[in-house]
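A closer look at the structure
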Amino acid sequence: MTRFYFDEQSVESLEGETVLDALIRQGHSLNYSCRKGACKTCLVQHTGGDIPSGAQRGLTSELKSDAYICACQCKPTQDLKLKSILVQNLFITAHIHEKQYLSDSVVKILVEPSEEVSHSAGQYINLRRFDGLTRSYSITNDPDSKLIELHIRRKYNGQFSDWLFNHASVGESLLIQGPWGDCCYRSEYKNDTLILIGTGTGLGPVYGIIRDALSQGHKGEIYLYHGAKNEADLYHHSKLLKLMLEHRNMTYLACVEQMGSGKSSTRVQTGDPFEVAMSFHQFDSQTLSDSPQRVFLCGEPNFVNKGQELVFLNGTPLDRIHALSYEYKDLRKVPRDGN
Ligand code: FES
């Protein structure tokens, strides 16, 4: 048993528990989402004792120097002292500027922050609504706009996504935190071959990364594979076909689980997008030495994790694999059954 302090209250943690586990077990209300150190929803501030190793892994140098730690990554040490965050220190105010339905299940939200936020397509932000419920969403537009574009898929029983999809209206106030993540385009990638694979609304950040690359005059080849359940889920299909016609170095292919009974659209085939990509590209070190390539994977965790592992095991170094997975977890003390 280890005793630590949270907001000056004594908390006892059991063997192997993280600060987050111990606080939740003892009835404290603390936001959390991924429990993997990725979303930064569970940040608390360190005020005394040694900072346990790993508690600040993945945080920016600014967050580290301000003594923030991830409660889900922190194994408490005896007499560690922590306090809850001041929301105004980590979040800024924003509002919904525009809302547009892209398909039966995907809505585009444009968020306008009250101050300038430097962002890139493929990074993510946390959105916090009036009751404190917080979710992470990936950014789908390039850095030139002061508005932040998000593509939200309505999830079955998804409290936040359902609210955004059906109820939140233009002008609605929100708080935003971030952005974070390195699944985005950098000018030094200019001559690399980019292979981007996205499933579902993973297309949003992937599409933004491609537009960012093209606007920066990317010279290498760009390949995009978008996976969806069926052709109705292929939002932005015509825009991507147009982009492919306009840029000789860009190739796009949509991969669906099921084809409809009618005539299928151009550049659509059945199959898993990752397996289709594997059939066209080698991810081994020999290919890399001939033509440096970067792989971007965006979508559901199972798909992203499997893709990362396969690409890495084939010989692609980790610093050439950029991953953005959507973790949907409850942020409350008592998790819901679904999202
Ligand atoms: S970083 Fe702790 S819950 Fe996501």
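Residues numbered from 1 in each chain as written. Predicted model: local features only at pLDDT ≥ 70, side-chain atom pairs only at ≥ 80, totals over all residues. Heavy atoms only, no water.

1. With respect to the overall build of the chain
Cut-off, in case you're wondering: Secondary structure elements follow DSSP: runs of H or I no shorter than four residues count as helices, runs of E no shorter than two count as strands, and numbering proceeds from the N terminus. Three labels apply to residues, based on accessible area from a 1.4 Å probe with only protein chains included: buried if under 20% of the type maximum, exposed if over 50%, partly exposed otherwise in between. Contacts between residues were defined by any pair of non-hydrogen atoms, one from each residue, lying within 4.5 Å. Here the open area of atoms and residues is found with the Shrake-Rupley method and a 1.4 Å probe, where only the protein chains shown may cover a residue. When charges are counted, neither His nor the chain ends are considered; positive counts come from Lys and Arg and negative counts from Asp and Glu. Where a charge lies is defined by one atom per residue type, namely NZ (Lys), CZ (Arg), CG (Asp) and CD (Glu).
On a plain count of helices and strands, the chain comes out with nine helices and 17 strands. For the chain, the spread of C-alpha atoms along the principal axes amounts to about 65 × 50 × 35 Å. Every one of the 339 residues in the chain was classed for burial, and the buried ones make up 52%. Within the chain, residue pairs in contact and separated by at least 24 positions form 68% of the contacts whose partners lie at least 6 positions apart. Carbon together with sulfur atoms contributes 46% to the accessible area of the chain, which is approximately 15700 Å² in total. Averaging the locations of the 36 positively and 40 negatively charged side chains of the chain gives two centres separated by 2 Å.

2. Some words on the pattern of salt bridges
So the rule is basically this: For salt bridges, the criterion is a side-chain nitrogen of Lys or Arg within 4 Å of an Asp or Glu carboxyl oxygen.
Under the definition given, this model contains eight salt bridges. Ionic pairing is found between Arg 294 and Asp 192, a salt bridge with its closest N-O pair at 2.8 Å. In this pair, Arg 294 sits in strand β16 (residues 293–299) while Asp 192 sits in the loop between β11 (173–180) and β12 (193–199), placing the two residues 102 residues apart along the sequence. Each of the salt bridges in this network shares a partner with another, and the network as a whole consists of Asp 192, Arg 294 and Arg 320.

3. Quick look at the side chain of Ser 103
Our working definition: Polar contact is the term for a pair of N or O atoms within 3.5 Å; when the atoms are in protein, one must be able to donate a hydrogen and the other to accept it, and sequence-neighboring residues count only if both atoms are side-chain atoms.
In this structure, Ser 103 sits in the loop between β6 (92–101) and β7 (106–113). Polar contacts involving the side chain of Ser 103 include one to the main-chain amide nitrogen of Val 106, which spans 3.2 Å. Leave out the neighbours within four places in its chain, and Ser 103 touches Phe 165, Ala 232 and Tyr 235.

4. Overview of the nonpolar core
Put simply, the test is: Note on terminology: a nonpolar core comprises buried Ala, Val, Leu, Ile, Met, Phe, Trp, Tyr and Cys residues joined through side-chain atoms within 4.5 Å.
Of all hydrophobic cores here, the largest spans 57 residues; its most connected members are Phe 4, Leu 196, Ile 210 and Leu 224. Take this core: its biggest share by element is seven residues, from helix α5 (residues 203–215). Leaving out residues up to four positions away in the same chain, Ile 210 has contacts with Leu 196, Ile 222, Leu 224, Leu 243 and Met 250. With 22 residues, the next largest nonpolar core counts Ile 125, Leu 133, Tyr 137 and Ala 168 among its residues.

5. Focus on the packing of α5 against helix α6 (residues 237–246)
Rules: A fitted line through C-alpha atoms represents every axis, and for helices the fit uses only the stretch in contact; the resulting angles, taken between N-to-C directions, go from 0 to 180 degrees. By definition in this entry, angles of less than 35 degrees are roughly parallel, angles greater than 145 are roughly antiparallel, angles of 65 to 115 are roughly perpendicular, and the rest are oblique. Crossings are assigned a handedness: left-handed for a near helix turned anticlockwise from the far helix by less than a right angle, right-handed for a clockwise turn.
Put simply, α5 and α6 touch, their axes get as near as 12 Å, and they point 25 degrees apart. The angle between the axes of α5 and α6 places the two elements in the roughly parallel class. Where α5 crosses over α6, the two elements pack in a sense that is left-handed. In this structure, α5 uses Leu 203, Tyr 207, Ile 210, Arg 211 and Leu 214 to contact α6, whose residues at the interface are Lys 239, Leu 240 and Leu 243.

6. Section: the sheet that holds β6
The strands that make up a sheet pair up through hydrogen bonds in the backbone, lying either parallel or antiparallel. Selection criterion: Pairing between strands is defined by DSSP: at least two bridges between them are needed.
Read from one edge of the open sheet, six strands run β9-β8-β11-β6-β7-β10, paired in antiparallel fashion. Each having just a single partner strand, β9 (134–138) and β10 (148–153) make up the two edges of the open sheet. Averaged over all neighbouring strand pairs, the angle between strand axes comes to 40 degrees, with direction disregarded. The sheet contact formed by β6 and β7 spans seven bridges and is antiparallel. In the strand pairing of β7, Gln 100 is matched with Lys 108. Along the sheet, helix α4 (residues 159–167) makes contact with β6, β7, β8 (124–128), β9, β10 and β11, crossing β6 at roughly 60 degrees.

7. Let's talk about the domain arrangement of the chain
The following threshold applies: Domain segmentation is taken from an automatic or database assignment of domains.
Segmenting the chain into domains produces domain 1 (2–87), domain 2 (91–180) and domain 3 (187–325). Domain 1 and domain 3 are separated by 37 Å when their C-alpha centres are compared.

8. Looking at the packing of aromatic side chains
Where we set the bar: Two aromatic rings, drawn from Phe, Tyr or Trp (for Trp, its six-membered ring), form a pair once their centres lie within 6.5 Å of each other, and the interplanar angle then sorts them: stacked below 30 degrees, edge-to-face above 60, tilted otherwise. Criterion for a charge above a ring: Arg CZ or Lys NZ at most 6 Å from the ring centre, at most 35 degrees from the ring normal.
Tallied over the full model, the rule gives seven aromatic pairs. Between Phe 130 and Trp 163 the ring centres are 5.9 Å apart and the planes differ by 70 degrees, which places this aromatic pair in the edge-to-face class. In this pair, Phe 130 sits in the loop between β8 and β9 while Trp 163 sits in helix α4, placing the two residues 33 residues apart along the sequence. For Trp 163, a relative accessible area of 9% translates into the label buried. Aromatic ring contacts, followed pair by pair, group Phe 130, Tyr 137, Phe 160 and Trp 163 into a single cluster. One residue, Arg 211, lies across the ring of Tyr 207, its end atom 4.4 Å from the ring centre.

9. Section: the pairing of β6
Where β6 lies against β11, four bridges are found, and the strand directions are antiparallel. In the strand pairing of β11, Ala 94 is matched with Leu 174. The turn linking β6 back onto β7 is made up of four residues.

10. Quick notes on a nonpolar patch on the surface
As a reminder of what qualifies: Residues enter a patch when their relative accessible area is above 30% and they make no salt bridge; the linking distance is 9 Å between like charges and 5 Å between nonpolar side chains (Val, Leu, Ile, Met, Phe, Trp, Tyr).
A grouping of Phe 312, Leu 313 and Leu 318 is seen on the molecular surface, where their side chains present a nonpolar patch of about 330 Å² in accessible area. Looking at where Leu 318 falls in the secondary structure, it is placed in the loop between α9 (301–313) and β17 (321–325). Since its relative accessible area comes to 56%, Leu 318 is described here as exposed.

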